[in-house]
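Each chain, written out:
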Amino acid sequence: MCVNCVRSIVDITEGIPKQATVHWCKNCERYLQPPASWVACDLESRELLALCLKKLKGLVKVRLIDAGFIWTEPHSRRIKVKLTIQKEVFAATILQQSFEVEFVVASMMCPDCTRVMAQNTWKAMVQVRQKVDHQRTFFYLEQLILKHNAHQDTINIKEVKGGLDFHFAQRSHAIKMVEFLGSMVPTRSKTSEQLISTDIHSSTSNYKFTYSVEIIPICKDDLVVLPKKIANSLGHIAPLTLCTRVGSSVHIIDFKTLQQSDVSGLVYWRSEDVTPVCSMRDLKEFYVMDVDLLGPRAGRYALADVTIQRMADVGKNDDVIIVRSHLGNLLNFGDTVLGYDLLTANINNENFEKLRQDDIPSVVLVKKSYPERRRKRKQRNWKLKSLSKDEGDLAPKKQEQEKLEADFENFLRDLEEDPELRQSINLYKDASAAGAPQPADMESDMGDDDELPEVPLEELLDDLKISADDDDMDME
C-alpha cells in the first residue's frame, strides 16, 4: 500500500484536539498553567509553546518531531501552532504528518489581581506610626524601602493620619516588612488577628492579620533628656544630649564634651523615659560673633566656645551669649546657626525639671544654617523617587499640604548637609534641572553660593526610563 493510501485510511492526528483554550490575565499579562499556577510568557516564546503543548492531551500517544508558531495578529486573541508528529501505523511502517492547532486566548483574572482590584481582600496589613508632628522619618523610610525593594509584595500602600498602611496578600510578606522596618529604625510591634470565616466541617478558619509598628519618637537634631540611671549606663554621659542620627539605634552626643553613645530600641521601650524636649520646629536662628576652638575633636565635630546673638537683637543691642558647642569646625564669624533657646523655651518634662541649673545651657546649637534667599536660587541637580501611595479619604488641606512640603524641603536639606545620611539611600540625576535656565541674579552671588552644601555628582545614579519608543528602536 502506498503512502497516500495509508494516509487516506489512517489519521494519526485522531485524538489530538485541533482547537483549545488558554487563559490569560490582562492585568499582569500572565497565562494560567493548570492546575493553579500563573506564569509570565512572551508571545512566540518557548515558555508559551510548552504551555500550549501541555494543553494537547493526545500528544502522549505519538512522537513529536517539530513544533512552531504560525504568525497571527497580536490583537486577534488567537495562537496558531504547527505540529509535526510520527506514529507507527503498521508493522515497520511509520507515518509522519503535519497539522495546525488553534488556541483561543480567553481573558481571566488571576487571584493576585483579583485581590488588588477588589476591596478588603488583603490578608495582612502593617500599620506604621510615629508620634511626632512632622513627616521627615517617613520620607527617609520611603527611600530605604525603594532602595531595598521592600515594597515588591505589597498590593496597596495607603496614606493615613500619622503614618502609612501596607497591605499584603500573604502573612509572610507582612512579617518580612516588619522585620525590615525593625532593622532600619528602632521599632516595637503588636499583632492582632480577626476571624473572617470558618468551616466547621474541615476545621479551617480564615483570618486577617494586622501588625502595628511604632517607630521611636526621636528624630535627628532633637534635644533629648536622659534619666540619671540610663545616662550612667551609657558611660556616664550627660543627661542632656543631642540626637545626631537615627539608624538601627539612636546616636546621641554630649555637646559639651563630645562624648557619644547609642540608645537602642530595647533601652528606650523598656521605660520610655528617654524623651525629646525640643524638636526641629523649636529651632531659632542665631548670629555667630566669635568661635574659640578648645582643641578636642571627635570625627567631624570639634569642641569650641561660640559667641552668638539672637537674630532679633542684631544691630539693636549688645546682648551676646557664650555657649559651648560641638560645631567648632563648621562655624565662622558672620555665619548663622540654628539652635534651641532654652531661656525662652516652654518645656514641660519631668526629667528636664530634675536637672541641675548648671547642666542646662542657655542655648544648644544644632546645625549651621544658610540664608533662605540663597537656598531658593540654588537649583538641585538631583531628585528622589517616591512610592505609589493611595491617599484614600485623606485629602490634605491647603495648610497641611504646605506643612508637608516644608517637611520634605527640610528632608532634602538634611540630605545635602549630611553625607552619612546620603549613603543609605539612592539619589538620581535630574535631567530637567540640567537644562533649566539660571536666575539673572545668580552670577552676582556666585561666590556666596559656593558655600552651600551640595551633593557631589559622583554620588548620583542615572534615572533609567524605558519607553515604548525605545523598545521599538531596539527591535529595529
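Scope of this entry: the structure provided in the associated data block. If you're wondering where the values come from, they're calculated on a predicted model, not measured in any experiment.

**Some thoughts on the packing of aromatic side chains**
Step number 1: Counted according to the given criterion, the structure contains five aromatic pairs.
Step number 2: Centroid distance Y207 to F209: 6.2 Å. Interplanar angle 40°. Geometry classified as tilted.
Step number 3: Judged by relative accessible area, which is 28%, Y207 ranks as partly exposed.
Step number 4: Note on Y287 and F333: the rings are 6.4 Å apart at their centroids and 80° apart in plane angle, and the pair reads as edge-to-face. With Y287 in strand 17 (residues 284-298) and F333 in the loop between strand 19 (321-325) and strand 20 (336-341), the pair connects residues that are 46 residues apart, well separated along the chain.
Step number 5: The ring of F99 carries the charged tip of K18 above its face, separated from the ring centre by 5.4 Å.
Step number 6: Its end group placed over the ring of Y428, K385 keeps NZ or CZ at 4.5 Å from the ring centre.

**Re the nonpolar core**
Step number 1: Formed by 51 residues in total, the largest nonpolar core has its most connected members in V126 and F166.
Step number 2: Every residue in contact with V126, bar those within four places of it in the chain, is listed here: L164, D165, F166, F168, A174, M177, V178, L181, Y211 and V213.

**Remarks on the sheet that holds strand 9 (residues 163-168)**
Sheets are built from strands that pair by backbone hydrogen bonding, the pairs being arranged parallel or antiparallel.
Step number 1: Across the sheet, five strands lie side by side as 8-9-7-11-10; this open sheet has mixed pairing. Two strands in the sheet have a free side with no partner beyond their single neighbour: strand 8 (154-160) and strand 10 (187-199). Across the sheet, the mean angle separating the axes of adjacent strands is 15° when strand polarity is ignored.
Step number 2: Alignment of strand 8 against strand 9, held across six bridges, turns out to be antiparallel. Opposite V160, over in strand 9, you have G163 as the bridge partner.
Step number 3: Here helix 4 (residues 136-148) sits on the sheet in contact with strand 7 (124-130), strand 9 and strand 11 (204-215), set at roughly 140° to strand 7.

**Quick look at the sheet that holds strand 21 (residues 363-369)**
Step number 1: Taken together, the five strands give an open sheet; going across it, the order is 19-18-17-20-21, and neighbouring strands pair in antiparallel fashion. A strand with exactly one partner marks an edge of an open sheet, and here the two such strands are strand 19 and strand 21. Along the sheet, successive strands turn relative to each other by an average axial angle of 40°, direction set aside.
Step number 2: Pairing between strand 20 and strand 21: six bridges, direction antiparallel. The partner of D341 across the bridge, within strand 21, is V363.

**Concerning the pairing of strand 17**
Step number 1: One ladder, built from four bridges, connects strand 17 with strand 20; its direction is antiparallel. The residue of strand 20 that forms the bridge with F286 is V337.
Step number 2: As judged from the nine bridges shared by strand 17 and strand 18 (residues 301-310), these two strands associate in the antiparallel manner. In the sheet register, Y287 faces strand 18, and the bridge partner there is Q309.

**Remarks on the side chain of K368**
Step number 1: Relative to the helices and strands, K368 is located in strand 21.
Step number 2: Leaving out residues up to four positions away in the same chain, K368 has contacts with L327, L330, L331, D335, T336, V337 and E417.

**What to know about helix 2 (residues 46-54)**
In an α-helix, one turn spans 3.6 residues, which is why side chains three or four residues apart end up on the same side.
Step number 1: Residues of helix 2 that are buried: L48, L49, L51, C52 and L53.
Step number 2: Turning to helix 2, the residues buried within the fold contact strand 1 (19-25), strand 2 (30-33), strand 3 (37-40), strand 4 (63-70), strand 5 (78-90) and strand 6 (93-107).

**A look at the packing of helix 4 against helix 5 (residues 171-184)**
Step number 1: Their axes nearest at 11 Å, the elements helix 4 and helix 5 cross at an angle of 120°. Our classification of the angle between helix 4 and helix 5 gives oblique. Every pair of crossing elements has a handedness; the one defined by helix 4 and helix 5 is right-handed. Between helix 4, through L141, L144, I145 and H148, and helix 5, the contact on the second element is made entirely by F180, L181 and M184.
Step number 2: Each residue belonging to the contact of helix 4 with helix 5 can be placed in one class, and the counts come to six nonpolar, one polar and no charged.

**Considerations on the pattern of salt bridges**
Step number 1: This model, assessed by the stated rule, comprises 19 salt bridges.
Step number 2: For E214, the salt bridge goes to R188, with nearest N and O atoms at 3.2 Å. Taken as a pair, E214 in strand 11 and R188 in strand 10 lie far apart in primary sequence, 26 residues in all.
Step number 3: For K367, the salt bridge identified is with D414, shortest N-O distance 3.3 Å. On the criterion of sequence distance, the pair formed by K367 in strand 21 and D414 in helix 10 (residues 398-417) is long-range, its members being 47 residues apart.
Step number 4: On the basis of relative accessible area, K367 is assigned to the buried category, the value being 17%.
Step number 5: Given the relative accessible area of 4%, D414 is considered buried.

**Some thoughts on the side chain of K220**
Step number 1: Tracing the sequence through the fold places K220 in the loop between strand 11 and strand 12 (223-225).
Step number 2: Once residues lying within four places of it in the same chain are set aside, the contact partners of K220 are R136, C243, T244, V246, D414 and D418.

**With respect to helix 10**
Step number 1: Compared with the 28 Å implied by 1.5 Å per residue over 20 residues, the 29 Å span of helix 10 between its first and last C-alpha is a close match.
Step number 2: Among the residues of helix 10, D407, F411, L412, R413, D414, L415 and E416 are the ones counted as buried.

**Points about the packing of helix 4 against helix 10**
Step number 1: Taken N-terminus to C-terminus, the directions of helix 4 and helix 10 make an angle of 60°; their axes are 9 Å apart at the nearest point. Here helix 10 runs oblique to helix 4, going by the angle between their axes. Judged by the twist between their axes, the crossing of helix 4 over helix 10 is right-handed. Side by side, helix 4 and helix 10 meet where R136, F139, Y140 and Q143 of the first sit next to L404, D407, F408, N410, F411 and D414 of the second.
Step number 2: For the contact of helix 4 with helix 10, a count of residues per class yields five nonpolar, two polar and three charged.

Reading the values: the criteria
Residues numbered from 1 in each chain as written. Predicted model: local features only at pLDDT ≥ 70, side-chain atom pairs only at ≥ 80, totals over all residues. Heavy atoms only, no water. Phe/Tyr/Trp six-rings, centres within 6.5 Å; stacked < 30°, edge-to-face > 60°. Buried < 20%, exposed > 50% of the residue type's maximum accessible area, 1.4 Å probe, protein only. Helix = DSSP H or I, 4+ residues; strand = E, 2+ residues; numbered from the N terminus. Lys NZ or Arg CZ within 6 Å of the ring centre and 35° of its normal. Core = buried A, V, L, I, M, F, W, Y, C linked by side-chain atoms within 4.5 Å. Contact = heavy atoms within 4.5 Å. Pairing = 2+ DSSP bridges. Axes fitted to C-alpha atoms, helices over the stretch in contact; angles between N-to-C directions. Parallel < 35°, antiparallel > 145°, perpendicular 65-115°, else oblique. Left-handed = near helix turned anticlockwise from the far one by under 90°. Nonpolar A, V, L, I, M, F, W, Y, C, P; charged D, E, K, R; others polar. Salt bridge = Lys/Arg side-chain N within 4 Å of Asp/Glu carboxyl O. Expected span 1.5 Å × (residues − 1).

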